[in-house]
Amino acid sequence: MRLIHTSDWHLGQYFFTKSRAAEHQAFLRWLTGQVQQHQVDAVIVAGDIFDTGSPPSYARELYNRFVVELQQTGCQLVVLAGNHDSVATLNESRELLSCLNTRVIATVGENLSEQILVLNQRDGKPGAVLCAIPFLRPRDLLASQAGQSGNDKQLALQEAIAAHYDALWQAAQAKRDELGVPLPIIATGHLTTVGVSTSDSVRDIYIGTLDAFPAQAFPPVDYVALGHIHRAQCVAKTEHIRYSGSPIALSFDELSKAKSVYLLDFDGATLNAIDTLEIPVFQPMQIIKGSLAEIEKQLVQFTGGDAQKPVWLDIEVATQDYLSDIQRRIQALTADLPVEVVLLRRSKEQRIHSIEQQEKETLSELSVSDVFERRLALEPDPDEPRQARMRTLFAQVVEQVTSGQNTEDGAQ
């Protein structure tokens, strides 16, 4: 039995106004190719198919087209809802997709048997039993109780999630006994576990109730396919509890490690191997840090290239100077290069230093222009032409006020 574990596609994501449609389409074609090449029996997507509960039409089209193309390979597809997914959106096509060898589990139902799936091999014989567990919302498992403290709520939710996993584990064992075949039992999950490495694009999902689920609370299944964390990794130094990570970088801080999916190979109930299938980079991205002079030197690497796609840049400027025209300077440096600056910011250290310095300053130490520039720098999306006009108007106002004061002083 061969399975692919993937998660966190986030179809429909916009990355600082940039569409990821081409990248997602390329990934799904690559994934279909991997299924054919490795003769995969089932693909498990552990949550966050879409980036929002109301995904754009092109994202739904990508999803539906993948289901159709995968069905032609003879591979099964299991789709679990994540915290970004809408239960209603996934359920609207659930019955239709079931005719295309696809099972969609969007929420926890009252009947546990609906979450116990038998995954078949290509020859039609049972190959694994799956505890198909989507993102678990507190309201799915708990009734609110008055007078509970924050710690009480955390403990109650953790115990409820553990109890849900245990109940499905018991049901999966019963199903395996019923089939009378030595099959592996696999569980899924879309949550945060203790000790994982997150990234900027991951949003907390148990705010105020449960920060992270302990790995030891999972039942002794043969493999746990997790989603929600975008960095591929093992949990608690165990080989069989893993996050597959997102297939494309959803934030710049995810660039340090290659993206991948996991290929699982079972012989009967024994997990023989877990192979990492590295995903090609479909959109080049890079972080550049340093002073303006250092950034200019680093940008030289892009000159004279024949890049098919412009490189998306995150430029982090480290300078203690109060630069009001930093965006204009960066635009001038990158104007003729095959790059697009999608994020421009001061380095974290410089921002902290700037805040500390400003906290020590008083109005008596600043000129009128200094105060105006401080306020202008707080704008989240600076528009240079607009800021230039604002500076001109401000200078005119200052001049009028100053002239008025001089006139009054002369009259006295």
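Analysis parameters
- Residues numbered from 1 in each chain as written.
- Predicted model: local features only at pLDDT ≥ 70, side-chain atom pairs only at ≥ 80, totals over all residues.
- Heavy atoms only, no water.
- Helix = DSSP H or I, 4+ residues; strand = E, 2+ residues; numbered from the N terminus.
- Contact = heavy atoms within 4.5 Å.
- Phe/Tyr/Trp six-rings, centres within 6.5 Å; stacked < 30°, edge-to-face > 60°.
- Lys NZ or Arg CZ within 6 Å of the ring centre and 35° of its normal.
- Pairing = 2+ DSSP bridges.
- Axes fitted to C-alpha atoms, helices over the stretch in contact; angles between N-to-C directions.
- Core = buried A, V, L, I, M, F, W, Y, C linked by side-chain atoms within 4.5 Å.
- Buried < 20%, exposed > 50% of the residue type's maximum accessible area, 1.4 Å probe, protein only.
- Polar contact = N/O pair within 3.5 Å; in protein donor to acceptor, adjacent residues only side chain to side chain.
- Parallel < 35°, antiparallel > 145°, perpendicular 65-115°, else oblique.
- Left-handed = near helix turned anticlockwise from the far one by under 90°.
- Nonpolar A, V, L, I, M, F, W, Y, C, P; charged D, E, K, R; others polar.

Caption draft 1: Summary view of the environment of Cys 131. The residue Cys 131 is located in strand β8 (residues 126–131) in this model. Here the alpha-carbon distance between Cys 131 and Ile 185, two residues 54 residues apart in the chain, equals 7.4 Å. If we skip the residues at most four places from it in the chain, Cys 131 touches Gln 115, Ile 116, Leu 168, Trp 169, Ala 172, Ile 185, Ile 186, Ala 187 and Thr 188.

Caption draft 2: Summary view of the packing of aromatic side chains. Applying the stated criterion across every chain, the model contains eleven aromatic pairs. Relative to Tyr 63, the ring of Phe 50 has its centre 5.4 Å away and its plane inclined at 75°; by these criteria the two rings are edge-to-face. You can see Phe 50 sitting in the loop between β4 (42–46) and α2 (57–71) and its partner Tyr 63 sitting in helix α2, a full 13 residues away along the chain. Members of the aromatic cluster, each reached through a chain of ring pairs, are Trp 9, Phe 27, Trp 30 and Phe 66. Arg 20 extends its terminal NZ or CZ atom over the ring of Phe 15, reaching a point 4.7 Å from the ring centre.

Caption draft 3: Seen up close, the sheet that holds strand β16 (residues 311–317). Read from one edge to the other, the open sheet built from three strands follows the order β15-β16-β17, with strand pairing classed as parallel. Only two strands of the sheet have a single partner each, and these edge strands are β15 (285–290) and β17 (339–346). Adjacent strand axes in the sheet meet at a mean angle of 20° when their direction is disregarded. Direction of pairing for β15 relative to β16: parallel, over a ladder of six bridges. Bridging across to β16, Ile 288 finds its partner in Ile 315. Sheet strands in contact with helix α8 (residues 326–334) are β16 and β17, and its direction is about 150° off that of β17.

Caption draft 4: Broad picture of the nonpolar core. Formed by 32 residues in total, the largest nonpolar core has its most connected members in Ile 4, Trp 9, Phe 27, Val 43 and Tyr 63. For this core, the secondary structure elements donating two or more residues are α1 (21–38), β4, α2, β5 (76–80) and β13 (260–267). Considering each element in turn, this core owes the most residues, six residues, to α2. In this structure, Val 108, Val 129, Cys 131 and Ile 133 belong to the second largest nonpolar core, which totals 26 residues.

Caption draft 5: Just the pairing of strand β1 (residues 2–6), in detail. By the criterion of burial, β1 is predominantly enclosed, with four of the five residues buried. As judged from the four bridges shared by β1 and β13, these two strands associate in the antiparallel manner. When the bridges of β13 are listed, His 5 appears paired with Tyr 262. Alignment of β1 against β4, held across four bridges, turns out to be parallel. What sits directly across from Ile 4, in β4, is Val 43.

Caption draft 6: Representation of unusual backbone geometry in the model. Phi is positive for His 228, which is not a glycine, with a value near 110°. Among the secondary structure elements, His 228 is positioned in the loop between β10 (223–227) and β11 (233–235). One non-glycine residue, Lys 237, lies in positive phi territory at about 60°. With respect to the helices and strands, Lys 237 occurs in the loop between β11 and β12 (238–243). The class of Lys 237 is exposed, set by a relative accessible area of 85%.

Caption draft 7: Summary view of the environment of Asp 265. If you trace the backbone, Asp 265 turns up in strand β13. A sequence separation of 264 residues divides Asp 265 from Met 1, and the C-alpha atoms of the two residues are 5.9 Å apart. Filtering out sequence-adjacent residues up to four positions away, Asp 265 remains in contact with Met 1, Arg 2, Thr 270, Leu 271, Asn 272 and Ala 273. Side chain to side chain, Asp 265 and Arg 2 meet in a polar contact 3.0 Å long.

Caption draft 8: Inspection of the sheet that holds strand β14 (residues 270–278) at higher detail. Spatially, the six strands line up as an open sheet ordered β6-β5-β4-β1-β13-β14, and their pairing is mixed. The open sheet has two edge strands with one neighbour each: β6 (102–105) and β14. When strand polarity is set aside, the average angle formed by the axes of neighbouring strands in this sheet is 20°. On top of the sheet, α1 reaches β1, β4, β13 and β14; it is set at about 160° to β1, its chief contact.

Caption draft 9: Representation of the packing of helix α7 (residues 292–299) against α8 within the structure. Between α7 and α8, whose axes approach to 10 Å, the crossing angle comes to 20°. In terms of their interaxial angle, α7 and α8 are classed as roughly parallel. In this structure, the crossing between α7 and α8 has a hand that is right-handed. Only Arg 329, Ile 330, Leu 333 and Thr 334 of α8 make contact with α7, whose side of the interface consists of Leu 292, Ile 295, Glu 296 and Leu 299. Class assignment for the residues of the contact of α7 with α8 results in five nonpolar, one polar and two charged.

Geometric values such as these leave the question of function open.
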